[in-house]
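So you can see what is in the structure, the chains are spelled out below.
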Amino acid sequence: MNQIFNHAPTHELQARDAAHHMHPFTAQGQLAEKGARVITAANGVFVYDSDGEKILDAMAGLWCVNIGYGREELADVAHRQMKQLPYYNTFFQTTHIPAIELSERIANLAPADLNHVFYAGSGSEANDTNIRMVRHYWAVKGKPQKSIIISRKNAYHGSTVGGGSLGGMSAMHEQGGMPIPDIHHINQPNWWSEGGDMTPEDFGRARAAELEEAIKQLGADRVAAFIAEPVQGAGGVIVAPDTYWPEVQRICDHYGILLIADEVICGFGRTGNWFGSETLHIRPHIMTIAKGLSSGYQPIGGSIVCDEVAKVIAGDEFNHGYTYSSHPVAAAVANENLRIMEEENIVGHVRDTVAPYLKQKWEAMTDHPMVGEAKIVGMMGSIALTPNKATRAAFKSDAGTVGYICRERCFANNLIMRHVGDRMIISPPLIISNDEIDLLITRARKSLDEAMEIVKVQGLWEEK
Ligand code: PXG
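Residues numbered from 1 in each chain as written. Predicted model: local features only at pLDDT ≥ 70, side-chain atom pairs only at ≥ 80, totals over all residues. Heavy atoms only, no water.

Student: Before we move on, could you go through the pattern of salt bridges and cite the residues and values that matter?
Tutor: Pairs can form between side chains of opposite charge whenever their charged atoms are close. Scanning the entire structure with this criterion turns up 25 salt bridges. The salt bridge involving Lys-34 is made with Glu-408; its shortest N-O contact spans 3.0 Å. Of this pair, Lys-34 sits in helix α2 (residues 28–34) while Glu-408 is found in helix α16 (residues 401–412), placing the two residues 374 residues apart along the sequence. Put simply, Asp-202 and Arg-205 hold a salt bridge, and the shortest N to O gap is 3.0 Å. Note that Asp-202 and Arg-205 are positioned in helix α10 (residues 200–218) at a spacing of three residues, about one turn of the helix. Assessed through its relative accessible area of 39%, Asp-202 is described here as partly exposed. Ionic contacts of the salt-bridge type, sharing partners, join the residues Lys-34, Arg-407 and Glu-408 into one network. (Salt bridge = Lys/Arg side-chain N within 4 Å of Asp/Glu carboxyl O. Helix = DSSP H or I, 4+ residues; strand = E, 2+ residues; numbered from the N terminus. Buried < 20%, exposed > 50% of the residue type's maximum accessible area, 1.4 Å probe, protein only.)

Written out as structure tokens, the structure is:
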């Protein structure tokens, strides 16, 4: 692998970064003091930093590098496509070959009659498309008042004004005037934190019933769609109890509500099937896709749309689109990424080999004194940190204090494992091997031990 070592020293790169580069979801001042970690190269499941450290990336970048780093075929395709046709749009009755080929491949991979793709540059943009598309669909059908979209608290659907409004992140809603009108949030199916004395099964049914109550209260003639991630990712890899999704599906069917599955994280093999909807037996009308579509090698997202919605909106001009909708280089790279995934049976590798192995190792971590529950679906997992497993107590410190300590230990041990509040989460590249899973678990356990020590020394081992 070609690592570039003749770059400026780390402290100099950090100072230049702090001077001019504004980071997403970051307190700039704090980062400027600490200095950002400078990532310089990557291969397989490892990334390298400017100090030469080799770090196991158990987050696949931001849940996206499903195929792993360093696949030269993707670079070659991008190079060829840039020389052939670096840009053209698909507005104004034009198209190009990468868009044709990618759409055909996605339609073949997607379940049921999800046969049509509208492209965006990201998951956020795709969800903005979805807001407009489902409202437009009902308007064309003579029901313009059917415009409310129901979503869930602690969901993540992106960071644009539309995507952030759909999302249920209160910290985001506090800034910049969100949510936009006609978005309604119900509670999430997070049993560990919010299940109280209920069994997970009863709790799953109760949280699904909130959807029905919301529809009745708002009026089915006002509700356009329900949007949800099959497994909540950024919210902390929250896996709903088994009773939840069948009931949600029944409710959407019964009241004639469109179902949008946000597959930005769950899509393209992450859960052991091509789509999370297949794993959880959901039948969506629209799927949001991004991330694993190109394994993050190019920015591309989109909406996979069912025949009925596509047919209805086809009768009219849909006044919507982005300069980079179906960008030829991004589309060519995504197509090559999916070709490799199919040819190398990477979804099979997940389902039959690494997901069962990781599940066994991950769930065994509940023997650690600080780990309450361990949840995992395919290659996305979370553990809840707690000072009292029996009562599922939260730490007395602000949510995230202990999680942050643990994340810092992971970083120090050359493992990228994230925290969401006091949950630790992983989503490694799908091409990870069982040996690399062993390394992941060894480093995670070491980090947990060290974090627990610090938590105790700092007097933070206290229940809320
Ligand atoms: N939907 C879901 C389910 C996502 O996870 C988006 C939409 C938005 O995609 P774009 O491409 O616009 O970022 C996402 C993105 C995190 C984190 O901290 C998660 C995402 C993005 C950034 C950070 O876990 N997910």
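Student: Go over the packing of α16 against helix α17 (residues 434–457) with me, naming the residues and quoting the values.
Tutor: α17 packs onto α16 with a crossing angle of 135° between their chain directions and a minimal axis gap of 8 Å. As far as their axial angle goes, α17 and α16 are oblique. Between α16 and α17 the crossing geometry is right-handed. On α17, the residues touching Val-402, Ile-405, Cys-406, Arg-409 and Cys-410 of α16 are Ser-447, Leu-448, Glu-450, Ala-451, Ile-454 and Val-455. Across the contact of α16 with α17, the residue classes break down as eight nonpolar, one polar and two charged. (Axes fitted to C-alpha atoms, helices over the stretch in contact; angles between N-to-C directions. Parallel < 35°, antiparallel > 145°, perpendicular 65-115°, else oblique. Left-handed = near helix turned anticlockwise from the far one by under 90°. Contact = heavy atoms within 4.5 Å. Nonpolar A, V, L, I, M, F, W, Y, C, P; charged D, E, K, R; others polar.)

Student: Requested: an account of the sheet that holds strand β5 (residues 148–152), with residues and values cited.
Tutor: On the basis of which strands lie adjacent, the open sheet formed by seven strands has the order β4-β10-β9-β8-β7-β5-β6 and mixed pairing. Sheet topology places β4 (114–120) and β6 (183–186) at the edges, where each strand pairs with a single neighbour. Sheet twist, expressed as the average angle between the axes of neighbouring strands with direction ignored, equals 25°. In this sheet, strand β9 (residues 286–289) lies alongside strand β8 (residues 258–262) in parallel orientation, the contact comprising three bridges. Paired with Ile-260 across the strands is Ile-286, a residue of β9. Most of the contacts of helix α6 (residues 123–140) go to β9, to which it runs at about 160°, and overall it touches β4, β5, β6, β7 (223–228), β8, β9 and β10 (301–306). Contacts from helix α11 (residues 244–255) reach β5, β7 and β8, with the element oriented near 165° to β7. (Pairing = 2+ DSSP bridges.)

Student: Residue-level account of helix α14 (residues 328–343), with values.
Tutor: In this model, α14 (16 residues) spans 22 Å end to end at C-alpha, consistent with the 22 Å of a helix rising 1.5 Å per residue. Here α14 lies mainly inside the structure; 13 of its 16 residues are buried. In the stretch just after α14, Asn-345 is the one whose phi turns positive, near 50°. (Expected span 1.5 Å × (residues − 1).)

Student: Account for the nonpolar core, naming residues and giving values.
Tutor: A general trend in soluble globular proteins is that nonpolar side chains are found buried together. Counting 92 residues, the largest nonpolar core has Leu-102, Ile-106, Phe-275, Leu-293, Trp-362, Leu-385 and Leu-440 as its most contacted members. The greatest single-element share of this core, amounting to nine residues, is contributed by α14. Here this core spans two domains, since at least three of its residues come from each of domain 1 (37–70 + 345–457) and domain 2 (73–343). (Core = buried A, V, L, I, M, F, W, Y, C linked by side-chain atoms within 4.5 Å. Domains from an automatic or database assignment.)

Student: Describe in detail the sheet that holds strand β11 (residues 371–377), supporting the description with residues and values.
Tutor: Two modes of strand pairing occur in sheets, parallel and antiparallel, and in both the strands are linked by backbone hydrogen bonds. What the four strands build is an open sheet, ordered β11-β12-β15-β14; its pairing is antiparallel. At either margin of the open sheet sits one strand with a lone partner, and together these are β11 and β14 (418–420). This sheet shows a mean twist of 25° between the axes of neighbouring strands, independent of strand direction. Examined bridge by bridge, β11 and strand β12 (residues 380–385) share five bridges and lie antiparallel to one another. Within the sheet, the bridge partner assigned to Ala-374 lies in β12 and is Ile-383. Together, β12, β14 and β15 (423–426) form the strand contacts of α16, whose direction differs from that of β14 by roughly 175°.

Student: Account for the packing of aromatic side chains, with residues named and values stated.
Tutor: Taken as a whole and judged by the stated rule, the model has nine aromatic pairs. Between the aromatic rings of Tyr-87 and Tyr-88, the centroid separation amounts to 6.5 Å while the plane-to-plane angle is 45°, which identifies the pairing as tilted. Given a relative accessible area of 40%, Tyr-88 falls into the partly exposed group. Through successive ring pairs, a cluster of aromatic residues spans Tyr-87, Tyr-88 and Tyr-324. (Phe/Tyr/Trp six-rings, centres within 6.5 Å; stacked < 30°, edge-to-face > 60°.)

Student: Lay out the domain arrangement of the protein with the relevant residues and their values.
Tutor: On domain assignment, one finds that the protein holds domain 1 (37–70 + 345–457) and domain 2 (73–343). The distance between the C-alpha centroids of domain 1 and domain 2 comes to 26 Å. Each partner contributes residues to the interface: domain 1 has 35 residues there, and domain 2 has 36 residues. For the pair domain 1 and domain 2, the two sides together bury roughly 2,800 Å², of which 63% comes from carbon and sulfur. It is Trp-63, Met-380 and Arg-392 that lose the most area in domain 1 upon contact with domain 2, and together they represent 27% of the buried surface on that side. Scanning the region where domain 1 abuts domain 2 turns up zero salt bridges. (Buried area = accessible area lost by both parts, 1.4 Å probe.)

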